[in-house]
Amino acid sequence: MEVRIESTPHDVAILAADFIEFALRVERPTIGLATGETPLATYAELIDRHRRRGLRFDHATYVLLDEYVGIGEDHPASYRRHIREVFTDLVGVPTNAVHGPRGEAQDLEHAAEAYEQLLADLPPRAIQILGIGRGGHIGFNEPTSSLGSRTRIKTLHSTTRADNQRFFPDGEPVPLHALTMGIGTIMEAGKLLLLATGETKADVIEAAIEGPITATVPASALQLHPSATFVIDQAAASSLKHHDYYREIVMNRPVWQRP
Ligand code: F6R
């Protein structure tokens, strides 16, 4: 596990974009994307690279972590719609190369199985981008989610629903349920890149990196992954006990270890 502490959210975005650019080098990669606010600056940086120097994205397939139950692409809070608006449509990715769990399906169990099958049929995920909820969720795997879980329906925690209310039109409640890749599903990506910025994430980042591996902090499962990197800003790193050591590791990185 690697912890990269960057000065500002902008620096987090630059480094995260470097990791994604690196993953795009293979012939037909699958790239796992996260939604929410944190990765927006990373997507803006990638769009800028596309416009400035023609970085290409159209050879890859993109998969999302989750979707609200009952919400289809016609809804403004739909994650599939959101990722197209803030990223994939702006870098020349065709709509049919962007996939997410189908939260609008009548048969949610079947939709979850179909998403697992799709992930199994695609080329292996080169990288999976993750955010982290205040309670430690990754995807919508709320505290006490099984560390071996697969794509399925989850009940959203009240703090998650409160935090995400801002993405919904006035007066419309956040759904109670979501379809989400499981923690076991997330862990199958070749590389995990968890992004966090701001002081509100400091305590949960400390728990995920330096606390025990536990289902009550789902992001602590990254400690078990052979190639997991946390890219966080100073504010999100402010509760870490081994802060100085993480910096020493980065300063003394072997040249072959890039980005
Ligand atoms: C989004 C997702 C969530 C978010 C998390 C952090 O696809 O799966 O786990 O990454 O809730 O959200 P922000 O970045 O808005 O703080």
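Before reading further, recall that the structure is shown in the block above.
Residues numbered from 1 in each chain as written. Predicted model: local features only at pLDDT ≥ 70, side-chain atom pairs only at ≥ 80, totals over all residues. Heavy atoms only, no water.

*Asks:* Help me understand helix α3 (residues 79-86), please; the structure alone is not making it clear to me.
*Replies:* Residue pairs three or four apart in sequence face the same way in an α-helix, which turns once every 3.6 residues. All of the buried residues along α3 are Y79, R80, H82 and I83. Buried residues along α3 cover an arc of 160° about the axis, so they all sit on one side. Contact partners of the buried residues in α3: β2 (30-33), α2 (40-53), β3 (61-64), β4 (66-68), β5 (98-99) and α5 (158-164). For α3, the N-terminal capping position is held by S78, with its side-chain oxygen 3.3 Å away from the main-chain nitrogen of R80. (Buried < 20%, exposed > 50% of the residue type's maximum accessible area, 1.4 Å probe, protein only. Helix = DSSP H or I, 4+ residues; strand = E, 2+ residues; numbered from the N terminus. Arc of directions from axis to C-beta. Contact = heavy atoms within 4.5 Å. Polar contact = N/O pair within 3.5 Å; in protein donor to acceptor, adjacent residues only side chain to side chain.)

*Asks:* What should I look at first to understand the site of the ligand in this one?
*Replies:* The full set close to the ligand counts 13 residues, and T35, T38, D66, H137 and G139 are the nearest of them. Contact distances for the ligand include 2.6 Å between an oxygen atom and a side-chain N or O atom of T35. Taking T38, its side chain carries an N or O atom lying 2.5 Å from an oxygen atom of the ligand. Relative to its free-state accessible area of 410 Å², the ligand is covered by the protein chains to the extent of 93%. Of the residues belonging to the shell around the ligand, the class tally is two nonpolar, seven polar and four charged. (Near = heavy atom within 4 Å. Areas by Shrake-Rupley, 256 points an atom, 1.4 Å probe, with all protein chains shown as cover. Nonpolar A, V, L, I, M, F, W, Y, C, P; charged D, E, K, R; others polar.)

*Asks:* Whenever I open this one, the environment of G139 confuses me. Can you help?
*Replies:* With respect to the element layout, G139 can be found in the loop between β6 (125-130) and β7 (152-155). The class of G139 is buried, set by a relative accessible area of 9%. Among all residues touching G139, those that are not within four sequence positions of it are L65, D66, T180 and I186.

*Asks:* Explain the side chain of R4 to me, please; I cannot follow it from the model alone.
*Replies:* Mapped onto the fold, R4 is located in strand β1 (residues 2-6). Setting aside residues up to four positions removed in sequence, R4 forms contacts with L15, F19, T229, F230, V231, I232, V250, R253 and P259.

*Asks:* Would you take a moment to explain helix α4 (residues 108-121) for this structure?
*Replies:* Between its first and last C-alpha, α4 extends 20 Å over 14 residues, near the 20 Å set by a 1.5 Å rise per residue. When we look at burial in α4, the residues that qualify are L108, A111, A112, Y115, E116 and L119. One side of α4 carries all its buried residues, which in axial view fall inside an arc of 140°. Residues of α4 that are exposed and point more than 90 degrees away from the buried face comprise E109, H110, E113, A120 and D121. Taken together, the buried residues of α4 touch β3, β5, β6, β7, β8 (177-180) and α6 (183-186). (Expected span 1.5 Å × (residues − 1).)

*Asks:* Would you take a moment to explain the packing of aromatic side chains for this structure?
*Replies:* Going through the model one piece at a time under the given rule, you end up with seven aromatic pairs. On the basis of an interplanar angle of 40° and a centroid distance of 5.1 Å, the ring pair of Y68 and Y79 is categorised as tilted. In this pair, Y68 sits in strand β4 while Y79 sits in helix α3, placing the two residues eleven residues apart along the sequence. Residue classification places Y68 among the buried residues on the basis of a relative accessible area of 0%. Relative accessible area serves as the criterion here: at 5%, Y79 is assigned to the buried category. Ring geometry for Y68 and F140: centres 5.6 Å apart, planes at 45°, overall tilted. With Y68 in strand β4 and F140 in the loop between β6 and β7, this pair connects stretches of sequence that are 72 residues apart. (Phe/Tyr/Trp six-rings, centres within 6.5 Å; stacked < 30°, edge-to-face > 60°.)

*Asks:* I'm lost on the nonpolar core in this one. Help?
*Replies:* Across soluble globular proteins, nonpolar side chains have a tendency to be buried as a group. One finds F57, Y62, F87, L194, I205, I232 and L240 to be the most contacted residues of the largest nonpolar core, which totals 71 residues. With seven residues, helix α1 (residues 9-23) is the single largest residue contributor to this core. Setting aside its immediate chain neighbours within four residues, I232 contacts V3, R4, I5, E6, V12, A196, I205, A237 and L240. (Core = buried A, V, L, I, M, F, W, Y, C linked by side-chain atoms within 4.5 Å.)

*Asks:* Explain the sheet that holds β7 here, please?
*Replies:* Overall, antiparallel pairing links the three strands, which are arranged β4-β8-β7 in an open sheet. The strands lining the two open edges of the sheet, one partner per strand, are β4 and β7. Direction aside, the axes of adjacent strands within the sheet are offset by 30° on average. Of the pairings in the sheet, the one linking β7 to β8 comprises four bridges and is antiparallel in character. (Pairing = 2+ DSSP bridges. Axes fitted to C-alpha atoms, helices over the stretch in contact; angles between N-to-C directions.)

*Asks:* Help me understand the pairing of β2 in this model?
*Replies:* Along any regular strand, the residues point their side chains to alternate faces of the sheet. With burial as the criterion, each face of β2 is covered, one bearing T30 and G32 and the other bearing I31 and L33. Summarising the sheet, β2 and β3 pair through four bridges and their orientation is parallel. Paired with L33 across the two strands is L64, which belongs to β3. Sheet topology note: the β2/β6 ladder contains three bridges and is parallel. Each residue of the ladder has a partner; that of G32, found in β6, is Q128.

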